[in-house]
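Listed below, chain by chain, are the residues.
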Amino acid sequence: MNLLKKTSLFPFFFSLTFLLFGCQKNIDEDVELDLDTEIIIADANVGVTVSEIDNIADQAEVLSFVSKKTYDITDVLNDCATVEKDDTLFGNNYDTLYTRVSFGEVECEGIDGRKRKGKIEIMSVYNKLGFRKFREINTENYHVQGKKVRLQRKLEYDTLNDLNQFVWKLIGNVEITYSNNEKTTVDFDKKYTLVSGGDTPLNLEDDELQITGSENGIRKNGKNFTNTIIEPLKVSRNCRYVKEVKIKFEIENEIDFVLDYGAGSDCDNKVDILYGDQKEVIELD
């Protein structure tokens, strides 16, 4: 995706924001660790949820339709998602585009098997050369799979690095409320680097982003946490899940662990929990 074009966007898949791990007596034998894997799965799914919203925003603004983010971009969710575009506001130096994705007020099950309702609102600002300087995403009464997701996310152009790759800084927060009224809250401070896909502005599938930075917040069980990306996160358009990253979780009054999204195949929902010299595999939603 060419971020020098108005048609460019990026994921975020996620998000992101967020992440996974495993367990074993030796690094090749999976065993059951003394960890609350249900809470860890909730931790890891935060990142997937944010990434999905970011991807939906990209597709709506660039393509004017929404598909599920997995193996095939032709899996269109248009039976549930309506894309509305307001008139572009033209300024002396910058143009502002507004896009809205509505899933309706009643849960609608897409062909990906996930139920959604509510709205995702996107505002992007471009200079007169078509370079995106700023982007904001907000949700309005948005629910996915029975969870309410309140997301506020701002992406602002930062710099051009030594490899002539564009870098944006990402700040924001997300709050996920579960059916039992438990909540996960996350504040994020990250940087997005466009690694590849810049020469094909209308093809989102070949975009690859590298994400660095950290997050902090409160887990579903009420404990404070901080996580730090220790091996850069890679996200691509042809996969709904994060493909590659290691994230260290530091939990209040608990032993640290690492989530490794590189488990399994190149694109699947498996994540390794690394806990000392042990490993356990979990699966995301």
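Model, not experiment: these values are computed from the prediction. Each chain carries its own residue numbering, running from 1 in the written order of its sequence. Thresholds applied to this predicted model are a pLDDT of at least 70 for local features of residues and 80 or more for the giving and counting of side-chain atom pairs; totals over whole chains, interfaces and linings are not thresholded and use all residues. Side-chain measures here rest on the full set of heavy atoms in the structure, leaving out hydrogens and waters.

1. Let's talk about the confidence of the model for the protein
Step number 1: The predictor attaches a confidence to each residue, called pLDDT, with possible values from 0 through 100. Mean pLDDT over the protein: 78, with 74% of residues reaching 70 or higher.
Step number 2: Scored below 50 in pLDDT, residues 1-31 shows 189 contacts in the model against residues more than four places distant or in partner chains. Any pair of residues with heavy atoms lying within 4.5 Å of one another is described as a contacting pair.

2. Digging into the state of the cysteines
Step number 1: The disulfide definition used here is simple: a pair of cysteine sulfur atoms within 2.5 Å. Applying the stated criterion across every chain, the model contains 1 disulfide.
Step number 2: The side chain of Cys80 participates in a disulfide bridge whose partner is Cys108; the two sulfur atoms lie 1.9 Å from each other. Classification of the bridge connecting Cys80 and Cys108 rests on its S-S torsion, roughly -75°, and on that basis the disulfide is left-handed. In this pair, Cys80 is assigned in the loop between helix H1 (37-63) and strand E1 (82-85) and Cys108 in strand E4 (residues 108-109), connecting sequence segments 28 residues apart.
Step number 3: For each residue, the accessible area found with a 1.4 Å probe, counting protein chains only, is set against the maximum for its type, and the residue is called buried under 20%, exposed over 50%, and partly exposed in between. Relative accessible area serves as the criterion here: at 8%, Cys80 is assigned to the buried category. Put simply, DSSP H or I for four residues or longer makes a helix, DSSP E for two residues or longer makes a strand, and each gets a number counted from the N terminus.

3. Notes on the environment of Met123
Step number 1: With respect to the element layout, Met123 can be found in strand E5 (residues 115-127).
Step number 2: What makes Met123 buried here is its relative accessible area of 18%.
Step number 3: In this structure, the C-alpha to C-alpha distance between Met123 and Ile137, residues 14 residues apart in sequence, is 6.6 Å.
Step number 4: The residues touching Met123, leaving out its near neighbours within four places in the chain, are Thr96, Leu97, Tyr98, Phe134, Arg135 and Glu136.

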